[in-house]
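Coordinate analysis (summary)
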Amino acid sequence: MTNLLEISNLNVTFETRFRSVTAVHDVSLSVAQGESVALVGASGSGKTVLGRSILGLVDEPGVVSGSILFDGKQIVDRNEDDFRDIRGVGVAMVFQDALDGLNPVYSVGSQLSEILTVRLGYQRGRARERAIELMLQVGIRDPEGRYNDYPHQFSGGMRQRICIALAVGMQPKLLIADEPTTALDVTVQAGILRLIKKLQTETGMGLIFVTHDLAVAREVSDRMVVMYNGRIVEEGTTDDVFLRPQHPYTKALLSAHPAHAKSWRDLEPIPEEFVTDGPSSGSQTVSAIVPTASIG
Ligand SMILES: Nc1ncnc2c1ncn2[C@@H]1O[C@H](COP(=O)(O)OP(=O)(O)OP(=O)(O)O)[C@@H](O)[C@H]1O
Ligand SMILES: [Mg+2]
C-alpha cells in the first residue's frame, strides 16, 4: 500500500546574507490514510516549516529540497498552480495563528461558501447551506445569524473553529493542524481536539497534529514524531514513545511534563453559554469564561 504522504530526506534552509538556518534537516516521514501522527518538539524545532513545506508555503528565502510524495505524486518543486490543486482538497492546514487562515475583509460565512463554490463546485445556495452546517458542526451557535459576521467579531476560539470548518469543509485527504489550540483555554481546547478526532474518524483523513503538549499528542495520535533542531530524533507508536522513550530529548520532555496524568479527556466540555463571544476589540484575547472547578 502506498502511503498518503511520503517525505524523504527533506531539507528546508533559510539563506540570508548573514546566516543560514536549516529549519528542517534530512527529515523522512510517512503518513498512511486515516493515520494520526503527532509532531512534537520545542519551539523552533521546525514543526511549522515542515507542515508548510507540504503545502508549498515555505516563505522566502526558504529553499526546499528532497522529496515529498503526496498520493504518489512528487510535490517538491511544483509550481504555484499545481499547489493550488493540492491545497484544500488534497491537503488542508489549520494554521498556528487563526488569523492566518481567515481574510479579515470578508464575512466568515462568505469565506466558507466561497471555498465550497470555487473548490468543490457547489452551487451558491447549496454552498450557503453547507457553510451553515459546517459552522454548526464546529460549535458556532446560531450559525445563520452569524453568517455575515466578520472574523474580528468572533473570539479567538471561535475563529480557530471556523478555520477548522474551512479546512475540513474541503474534505481533504490530509489535515495538518498546527497547534490549533495553543492559544486557547484548556476547556475550549478539549472541545476542539474532540472535534478534530471525530471528523477524522468520520472522514478517514490522515492527520498531522503539531503540538508541544504531550498530553494532547497522546490523546490524538497513533504515532508520534519528535523533532529537535530540525531533525526527527524519535519516532514510534505513541504508546511506545511514552512507555520507552529512547532519545535524551524525549526523555527530558516526558519527565518535564506533569501531564502523564492529565489529559484533555478528563476535562468537561463547557456549555456554550459560558463562552462569551461578544464583539471583540480586535485583540486576540480568547474570551471564554471557564468554570475553574473543572480543572483539577
Ligand atoms: N521565513 C523564515 N526566515 C528565516 N528563518 C525562518 C523562517 N521561518 C522559520 N524560520 C526558522 O526555522 C526554524 C524552525 O521554525 P518553525 O517555525 O518551524 O518552528 P516550530 O517548531 O514550529 O516552533 P513553534 O513551536 O514555536 O511554533 C526556526 O529557527 C525559525 O527561526
Ligand atoms: Mg510552529
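Let us look at the structure shown here.

**A few points about the sheet that holds strand β3 (residues 36-41)**
- Read across the open sheet, the 6 strands follow the order β6-β7-β8-β3-β9-β10; overall the sheet is mixed. In this open sheet, the two strands that pair with only one neighbour each are β6 (91-94) and β10 (231-237). On average, each strand axis in the sheet is inclined to that of its neighbour by 15 degrees, with strand direction left out of account.
- Where strand β7 (residues 174-178) and strand β8 (residues 206-211) come together, 5 bridges link them in parallel fashion. Following the sheet pairing, I176 is matched in β8 by I208.
- The strands touched by helix α10 (residues 248-255) are β3, β9 (223-228) and β10; relative to β9, the strand with the most contacts, the crossing angle is about 105 degrees.

**Some thoughts on the coordination of the magnesium ion (ligand 2)**
- Only T48 (OG1) and Q96 (OE1) from the protein reach the magnesium ion (ligand 2) as donors, at distances of 1.9 to 2.5 Å. Taken together, the residues T48 in helix α1 (residues 47-54) and Q96 in the loop between β6 and α3 (108-120) connect sequence positions 48 residues apart.
- Of the residues examined, T48 reaches a relative accessible area of 26% and is grouped as partly exposed.

**What to know about the sheet that holds strand β2 (residues 20-31)**
- Ordered by their spatial adjacency, 4 strands build an open sheet running β2-β1-β4-β5, and the pairing between neighbours is antiparallel. Only two strands of the sheet have a single partner each, and these edge strands are β2 and β5 (73-74).
- Alignment of strand β1 (residues 5-15) against β2, held across 8 bridges, turns out to be antiparallel. If you follow L10 over to β2, its bridge partner there is V27.
- Across the sheet, α1 is in contact with β1, β2 and β4 (62-70); its angle to β1 comes to roughly 115 degrees.

**A word on the pattern of salt bridges**
- Summed over the entire model, instances satisfying the criterion amount to 12 salt bridges.
- Here E133 ties to R130 by a salt bridge, and the two come within 2.8 Å at their closest N and O atoms. Of the two residues, E133 and R130 are both situated in helix α4 (residues 124-137); the distance of 3 residues between them amounts to about one turn of the helix.
- Look at R130 and you get buried, because its relative accessible area is 16%.
- Taking the shortest distance from any N to any O, the salt bridge between E235 and R223 comes out at 2.7 Å. Taken together, the residues span a long stretch of sequence, with E235 in strand β10 and R223 in strand β9 at a distance of 12 residues.
- Each of E35, R223 and E235 takes part in a single network of salt bridges with overlapping partners.

**Topic: helix α7 (residues 186-203)**
- Here α7 spans 26 Å end to end across 18 residues, near enough to the 26 Å set by a 1.5 Å rise per residue.
- In this fold, the buried residues of α7 make contact with β3, α4, α6 (156-169), β7, β8 and α8 (214-220).
- Immediately downstream of α7, the backbone of G204 shows phi near 70 degrees, a positive value.

What counts as what
- Residues numbered from 1 in each chain as written.
- Chains lettered and ligands numbered in written order.
- Predicted model: local features only at pLDDT ≥ 70, side-chain atom pairs only at ≥ 80, totals over all residues.
- Heavy atoms only, no water.
- Pairing = 2+ DSSP bridges.
- Helix = DSSP H or I, 4+ residues; strand = E, 2+ residues; numbered from the N terminus.
- Axes fitted to C-alpha atoms, helices over the stretch in contact; angles between N-to-C directions.
- Contact = heavy atoms within 4.5 Å.
- Donors = N, O, S within 2.8 Å, 3.2 Å for Na, K, Ca; no water.
- Buried < 20%, exposed > 50% of the residue type's maximum accessible area, 1.4 Å probe, protein only.
- Salt bridge = Lys/Arg side-chain N within 4 Å of Asp/Glu carboxyl O.
- Expected span 1.5 Å × (residues − 1).

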